Amino acid sequence: MSRQLKLGAFLMATGHHVAAWRHPDVPANAGLDFAHYKRLAQIAEAAKFDALFVADSVAAPTQDIASRMARSDHFEPLTLLSALSAVTERIGLIATATTSYNEPYHVARKFASLDHLSGGRAGWNLVTSDNAAEALNFGRDEHIGHAERYSRAREFHQVVTGLWDSWEDDAFIRDKASGEYYNPAKLHVLDHAGEHFRVKGPLNVARSPQGQPVIVQAGASDDGRQLAAETAEAVFTGGGSLADGQKLYADIKGRMEKIGRDPEHPIEFDVEENGSFLNAGNIKKVEGASVTNQAGASSTSGSTDWAAKDRSIAWQAARNSANALLAVGASAGYQDFPDSFTKLLAKSDELTLKFFNSSQNPGGTTEAKKVQKPSPQEDDSDPFHDDTIPF
């Protein structure tokens, strides 16, 4: 059976590097520049990408380095993707929405609306929020505990998908002659009462073109993997090396089998340098819901998702380009890159580096440029002089 690669563009306003906004070709205000997003979306669609993916957090970064990063002002994802739906025709539109600081009715209504606006192209990236600062914006003094977040997420998903089934496909007759707007027999009131939510229903949006928008899930912890196996049709994850990605793939498929989901449904899985999508379930809504995001260099690990993000910020903010390249090479899985690079640095004050991108140009160089050998730095604020960061 032939297999076709599915591609998704993970859009960050000014780019994935925290200092990319300073590049002369990057609009510094891209986070709030709709023309910029429109151009990216139309380029991706013309290039036959399957989906756009937009991450989100409901708290602005406030750490010391935040004033130098373009991460504090950007569109709310559903608003942005709703606007992009009007200037695109085929590409999928995946937005992130947390189950910890939202209500199911709101999420169900918004994504159903996006599915209608886009003609059946909406996807919901279900997250539980790894940013503790979000709690302070929603009447809490501290973040919801890990176990409770995932318990809440399961019920949240149950309520949202139940609300999406409020109406059968042909419930709305809209017969002007008879005066019947909808068929009451095709209305299903949810009437949910659970540990975390009480939601009567029905949803005040008709059943959407897909029936239900595609569910994407992001989370690599044991609880996150289990939630993905139970709920997701695509998983967004940092796969790391090929071996790590294969292990994760097998783990989630095994969990699916244990709970009765079909793990043998065709799965597209491709590990790139900074993350992957894998089709985690029985996709019945839209072809191509499984997508792989563009290659990059943000592969980091940590004991928690938030620790990994802090580590990523540390090396992205490095002032030393040579050290950054060393970290990127090791982090992206190029096992011989760090040692060989170190040896080159020891031999010459100036060297030519060749950048390889195995996903886009196997076996070939994509760029060559000169960099200066770094001089030793005594400043202990340099994150690459911190032996606790295991690149």
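What counts and what doesn't
Residues numbered from 1 in each chain as written. Predicted model: local features only at pLDDT ≥ 70, side-chain atom pairs only at ≥ 80, totals over all residues. Heavy atoms only, no water. Helix = DSSP H or I, 4+ residues; strand = E, 2+ residues; numbered from the N terminus. Buried < 20%, exposed > 50% of the residue type's maximum accessible area, 1.4 Å probe, protein only. Contact = heavy atoms within 4.5 Å. Areas by Shrake-Rupley, 256 points an atom, 1.4 Å probe, with all protein chains shown as cover. Phe/Tyr/Trp six-rings, centres within 6.5 Å; stacked < 30°, edge-to-face > 60°. Core = buried A, V, L, I, M, F, W, Y, C linked by side-chain atoms within 4.5 Å. Axes fitted to C-alpha atoms, helices over the stretch in contact; angles between N-to-C directions. Parallel < 35°, antiparallel > 145°, perpendicular 65-115°, else oblique. Left-handed = near helix turned anticlockwise from the far one by under 90°.

(A) Layout of the overall build of the protein. Within the protein one finds 9 helices and 14 strands. When burial is assessed residue by residue, the protein has 44% of its 391 residues classed as buried. Long-range pairs, those at least 24 residues apart, make up 65% of the contacts in the protein with a sequence separation of at least 6. For the protein, the accessible surface area stands at approximately 20300 Å², while carbon and sulfur atoms represent 50% of it.

(B) Up close: the packing of aromatic side chains. Applying the stated criterion across every chain yields a total of 13 aromatic pairs. Relative to Phe-156, the ring of Trp-124 has its centre 5.9 Å away and its plane inclined at 45 degrees; by these criteria the two rings are tilted. Highlighted residues: Trp-124 in strand E4 (residues 122–127) and Phe-156 in helix H4 (residues 146–164), separated in sequence by 32 residues. As far as burial versus exposure is concerned, Trp-124 and Phe-156 are alike and both buried. Taken together, a centroid distance of 4.9 Å and an interplanar angle of 80 degrees make the contact between Trp-167 and Tyr-182 edge-to-face. Of this pair, Trp-167 sits in the loop between H4 and strand E5 (172–175) while Tyr-182 sits in strand E6 (residues 180–182); the two residues are 15 residues apart in sequence, bridging distant segments of the chain.

(C) Quick look at the nonpolar core. Counting residues in hydrophobic clusters, the biggest one holds 38 residues, and the most contacted among them are Leu-52, Phe-111, Trp-124 and Trp-164. Contributing elements (two or more residues each) for this core: strand E1 (7–11), helix H1 (34–46), strand E2 (51–54), helix H2 (77–85), strand E3 (92–98), helix H3 (104–118), E4 and H4. If we skip the residues at most four places from it in the chain, Leu-52 touches Ala-9, Leu-11, Ala-41, Ala-44, Leu-84, Ile-91, Gly-92, Leu-93 and Ile-94. Judged by nonpolar contacts, the second largest core, of 10 residues, contains Ala-51, Phe-53, Val-127 and Ala-234.

(D) Looking closely at the packing of H2 against H3. Across the interface, H2 lies against H3 with an axial gap of 9 Å and an inter-helix angle of 15 degrees. By the angle between their directions, the pair H2 and H3 is classed as roughly parallel. When the axes of H2 and H3 are compared, the crossing they make is left-handed. Of H3, the residues touching H2 (which contributes Leu-78, Leu-81, Ser-82 and Ser-85) are Lys-110, Phe-111, Leu-114, Leu-117 and Ser-118.

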